[in-house]
Amino acid sequence: MDTKKIQAAKQYIHSKIMEAPDLGLILGSGLGVLADEINNAITIPYSDIPGFPKSTVAGHKGQLVFGDIEGVQVVAMQGRFHYYEGYSMELVTLPVRVMKELGVQTIIVTNAAGGVNTSYQPGDLMLIKDHINFFGTNPLIGPNEERYGPRFPDMSSAYSKKLLQLALQVADEENIRVRKGVYVGMTGPTYETPAEIKMVRSFGGDAVGMSTVPEVIVAKHSNIEVLGITCISNMAAGILDQPLTHDEVIETTEMVKLKFLSFVKAIVRKMNGG
Ligand code: R1P
């Protein structure tokens, strides 16, 4: 882990912001609209931050937005980095390390993913109760920095049970139907084959995507509490007789954006005691 890179990014960001964030928001494909809801926003393009890579995927703007939502100081990643973009696991997860350095204690990680559970429908929101790491690698491989966390981190509750309960309660109060399931992370950039989806389902996966798992591993390593929200953007391969496209992913997230926005804002309000 390149601690100099983490410190350089932190110092640059510190010179630009007024207040340290408590909550981090990692916004998935087509879900960056949440950052537009931030009050008193200070926007920092990734290209200005030392060591930060570029966002290359459609639906990922490529900037950090600081400010407040529902009275909570947040930093939102309007666009994330994916392993398939050719970035190392270290770079994919660099923003999580930087968030920790800036004082973030909780992260809401979001993504668009294919529905593997056949009872799901495109447009559903799924709270992540657990994940399966199918990347074939792990962002913590390499020398361990004890200052951040232990060599062998416990992953038995990577997704905070407390926050999951809080989100379920909010869903109930706001009358929003949510699912609760297991997110399976694979490298991409190919969408999965029908045979792979059958395997994922038999392994207990409910949704499949190409992100989130590395970020959550690094967050958990440094003792950040995590809530995960997936937008089911399409059904995974082999369920419907139609090809999968990223355009469809973006279209579905556009369709559910109001539900997604009001859900996350209500969660933040509740986290803040509201
Ligand atoms: C595929 O359509 C893209 O959408 C999802 C997949 O992981 C992949 O990057 O993006 P997010 O996980 O960033 O939401």
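Just above, that's the structure.
All chains use their own residue numbering, which begins from 1 and follows the written sequence. pLDDT decides what is reported in this predicted model: residues at 70 or higher carry local features, side-chain atom pairs at 80 or more are listed and counted, and totals for whole chains, interfaces and linings draw on all residues regardless. Note that water and hydrogens are dropped before the side-chain values are worked out from all heavy atoms of the structure.

What about the overall build of the chain?
- For the chain, the count of helices and strands is seven helices and nine strands.
- In summary, the chain has a C-alpha radius of gyration of 17 Å against a globular reference of 19 Å for 274 residues, a match within 12%.
- Only protein chains enter the calculation, and the probe is 1.4 Å; a residue is then buried if its accessible area is under 20% of its type maximum, exposed if over 50%, and partly exposed in between. Among the 274 residues that make up the chain, the fraction classed as buried is 55%.
- The contacts of the chain with a sequence gap of at least 6 include a subset with a gap of at least 24, amounting to 83%.
- Accessible areas in this description were obtained via Shrake-Rupley with a 1.4 Å probe; residue shielding takes into account the shown protein chains only. For the chain, the exposed area adds up to about 11,700 Å²; of that, 50% sits on carbon and sulfur atoms. Counting from the N terminus, the helices are DSSP H or I runs at least four residues long and the strands are E runs at least two residues long. For this measure, only C-alpha atoms enter the radius of gyration; the expected value for a globule follows 2.2 Å times N^0.38, where N is the number of residues. Working rule for contacts: check all heavy atoms of both residues, and any pair within 4.5 Å makes them a contact.

Brief notes about helix α6 (residues 246–255)
- Turning to α6, its buried residues are Glu248, Val249, Thr252 and Thr253. Mapping the buried residues of α6 onto a view down its axis gives an arc of 135 degrees, with all of them on the same face. Turned more than 90 degrees from where α6 packs its buried face, Asp247, Glu251 and Met255 sit exposed.
- Considering only its buried residues, α6 is in contact with β5 (106–115), β9 (225–235) and α7 (257–271). Think of it as the arc spanned by the lines of direction from the helix axis to the C-beta atoms.

A look at the pairing of β5
- Along β5, 10 of the 10 residues are buried, which leaves the element largely enclosed by surrounding structure.
- Relative to β5, strand β1 (residues 23–27) is paired through four bridges, and the arrangement is parallel. Residue pairing across strands places Ile26 opposite Val109, the latter belonging to β5.
- When DSSP finds two or more bridges between a pair of strands, those strands are recorded as paired. Of the strand pairs in this sheet, β5 and β9 are connected by 10 bridges, and their pairing is parallel. Its bridge partner being in β9, Gly114 is matched across the sheet by Asn234.
- Where β5 meets strand β8 (residues 207–209), two bridges bridge the pair, whose relative direction is antiparallel. Note on β8: the bridge partner recorded for Gly115 is Ala207.

Quick look at helix α2 (residues 89–102)
- Multiply 1.5 Å by the residue count of a helix minus one, and that product is the helix's expected span. Spanning 14 residues, α2 covers 20 Å between terminal C-alpha atoms, matching the ideal 20 Å at 1.5 Å per step.
- For a residue, the bend is simply the angle between two axes, fitted respectively to the seven-residue segment ending there and the seven-residue segment starting there. In α2, a bend of some 35 degrees at Pro95 exceeds every other bend along the element.
- By the criterion of burial, α2 is predominantly enclosed, with 12 of the 14 residues buried.
- Taken together, the buried positions of α2 are occupied by Met89, Leu91, Val92, Thr93, Leu94, Pro95, Val96, Arg97, Val98, Met99, Glu101 and Leu102.
- On the buried face of α2, the contacting elements are α1 (3–14), β1, β3 (63–69), β4 (72–78), β5 and α5 (213–221).
- Phi turns positive, to about 110 degrees, at Gly103, one or two residues after α2.

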